[in-house]
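One-letter residues, chain by chain:
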Amino acid sequence: MIAGADEAGRGPVFGPMVLCGVLLDEQVLDELKGAGVKDSKLLSPKRRETLAKLIIEKAAKFEIVELSPAEIDELRLVKKINLNEIEAMNFAKILDRLKPKIAYIDSADPNPTMFKERIERYLRTRPKLVVENYADLKYIVVSAASILAKVRRDERIAELSRKYGEFGSGYPADPRTINFLEQWVREHGKLPEFARKSWETAQRIEGKAKQRKLI
């Protein structure tokens, strides 16, 4: 049994970061590859949803951890823990639950050795870790985890959009997201609860709004 682990939503200013681990029998990897399982970024939302059902059906087990904006902000602003460390802590938690013999993990750090060492510090179990950049492109088991993580995050973003209105992808590079955030702060005087207040983008927009009030 092998595991793959990946995340979705590391960079956005809106919504949760979702980390996922999938435990698979090596014998099903060819079947998943044949069905079209690959890095979630290379698939349409509809295709991801279809493949997610197949992955869940074939997986021996899977684990998902969702970190809300408030949880991310507390870890970063109050506890002073950086994003790489947050990911490492939660990947270790996932692997301890899955208990694989070997785990393939997409590295959040440009230095995969450093990221591997971070994860090992938190592990209670002792799987062999293969930690690489672009592991979601190289290993089907990591691609499977990336698909489940992305589908879960997309569900959460859709829920937020239905509740608060269309705000784009939630990424700082998306003009729709920035316009929504600026308008929200103008109207409410503060950032929305689903924004990551520790993000530079959010702090800049909130700071500008406060300056305008002082003028």
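The rules behind each value
Residues numbered from 1 in each chain as written. Predicted model: local features only at pLDDT ≥ 70, side-chain atom pairs only at ≥ 80, totals over all residues. Heavy atoms only, no water. Buried < 20%, exposed > 50% of the residue type's maximum accessible area, 1.4 Å probe, protein only. Helix = DSSP H or I, 4+ residues; strand = E, 2+ residues; numbered from the N terminus. Arc of directions from axis to C-beta. Contact = heavy atoms within 4.5 Å. Expected span 1.5 Å × (residues − 1). Polar contact = N/O pair within 3.5 Å; in protein donor to acceptor, adjacent residues only side chain to side chain. Pairing = 2+ DSSP bridges. Axes fitted to C-alpha atoms, helices over the stretch in contact; angles between N-to-C directions. Patch = residues over 30% accessible without salt bridge, like charges linked within 9 Å, V, L, I, M, F, W, Y side chains within 5 Å. Areas by Shrake-Rupley, 256 points an atom, 1.4 Å probe, with all protein chains shown as cover. Salt bridge = Lys/Arg side-chain N within 4 Å of Asp/Glu carboxyl O. Lys, Arg positive; Asp, Glu negative; His and termini not counted. Parallel < 35°, antiparallel > 145°, perpendicular 65-115°, else oblique. Left-handed = near helix turned anticlockwise from the far one by under 90°. Nonpolar A, V, L, I, M, F, W, Y, C, P; charged D, E, K, R; others polar. Phe/Tyr/Trp six-rings, centres within 6.5 Å; stacked < 30°, edge-to-face > 60°. Lys NZ or Arg CZ within 6 Å of the ring centre and 35° of its normal.

A. View of helix H3 (residues 69-78). Within the sequence span of H3, burial applies to Pro69, Ile72, Asp73 and Leu75. Buried residues of H3, viewed axially, fall in a sector of 165°; they line one side. Opposite its buried face, H3 presents the exposed residues Ala70 and Val78, each directed more than 90 degrees away. Turning to H3, the residues buried within the fold contact strand E2 (17-24), strand E3 (61-67) and helix H4 (83-98). Looking at the residues trailing H3, positive phi occurs at Lys80, about 60°.

B. Just helix H8 (residues 175-188), in detail. Compared with the 20 Å implied by 1.5 Å per residue over 14 residues, the 20 Å span of H8 between its first and last C-alpha is a close match. When we look at burial in H8, the residues that qualify are Thr177, Ile178, Phe180, Leu181, Trp184 and Val185. Projected down its long axis, H8 carries its buried residues within an arc of 160°, all on one side. Structural note: H8 exposes Pro175, Arg186 and Glu187 on the side pointing more than 90 degrees away from its buried face. Structurally, the start of H8 carries an N-cap: the backbone nitrogen of Arg176 is 2.9 Å from a side-chain oxygen of Asp174. In the segment just after H8, Gly189 is the residue with positive phi, at about 75°.

C. View of the sheet that holds strand E5 (residues 128-132). In space, the five strands of this open sheet follow the order E3-E2-E1-E4-E5, with mixed pairing throughout. Where the open sheet ends on each side, the last strands, each with one partner, are E3 and E5. The average undirected angle you get between the axes of adjacent strands in this sheet is 15°. Here five bridges tie strand E4 (residues 102-106) to E5, and the two strands are oriented parallel to one another. Of the residues in E5, the one forming a bridge with Asp106 is Glu132.

D. Local environment of a nonpolar patch on the surface. Judged by side-chain polarity, Leu42, Tyr134 and Leu137 come together as a nonpolar surface patch covering roughly 360 Å² of accessible area. Topologically, Leu42 is positioned in the loop between helix H1 (29-35) and helix H2 (45-58).

E. Quick look at the side chain of Asp109. Tracing the chain through its elements places Asp109 in the loop between E4 and helix H5 (112-122). For the buried residue Asp109, which engages in no salt bridge, the nearest side chain bearing the opposite charge is Arg118, 4.5 Å off. Only 2.7 Å separates the side chain of Asp109 from the backbone nitrogen of Asn111, close enough to count as a polar contact. Setting aside residues up to four positions removed in sequence, Asp109 forms contacts with Asn84, Met114, Phe115 and Asn133.

F. How the structure looks around the packing of H4 against H5. The N-to-C vectors of H4 and H5 enclose an angle of 55°; their axes lie 8 Å apart at closest approach. One way to sum up the angle between H4 and H5 is to call them oblique. Where H4 crosses over H5, the two elements pack in a sense that is right-handed. Between H4 and H5, the residues in contact are Asn84, Glu85, Glu87, Ala88, Met89, Phe91, Ala92, Leu95 and Asp96 and Phe115, Arg118, Ile119, Arg121 and Tyr122, respectively. Classifying every residue of the contact of H4 with H5 gives eight nonpolar, one polar and five charged.

G. Geometry of the packing of aromatic side chains. Per the stated rule, a full pass over the model turns up twelve aromatic pairs. Relative to Phe194, the ring of Trp184 lies with its centre 6.0 Å away and its plane at 75°, an arrangement referred to as edge-to-face. Here Trp184, found in helix H8, pairs with Phe194, found in the loop between H8 and helix H9 (200-214); they are ten residues apart in sequence, far enough to count as distant. A relative accessible area of 16% places Trp184 in the buried class. Judged by its relative accessible area of 4%, Phe194 falls in the buried class. Taken together, the ring pairs in this structure connect Phe14, Tyr164, Phe167, Phe180, Trp184 and Phe194 into an aromatic cluster. Cation over ring: Arg196 sits above Trp199, and NZ or CZ is 4.8 Å from the ring centre.

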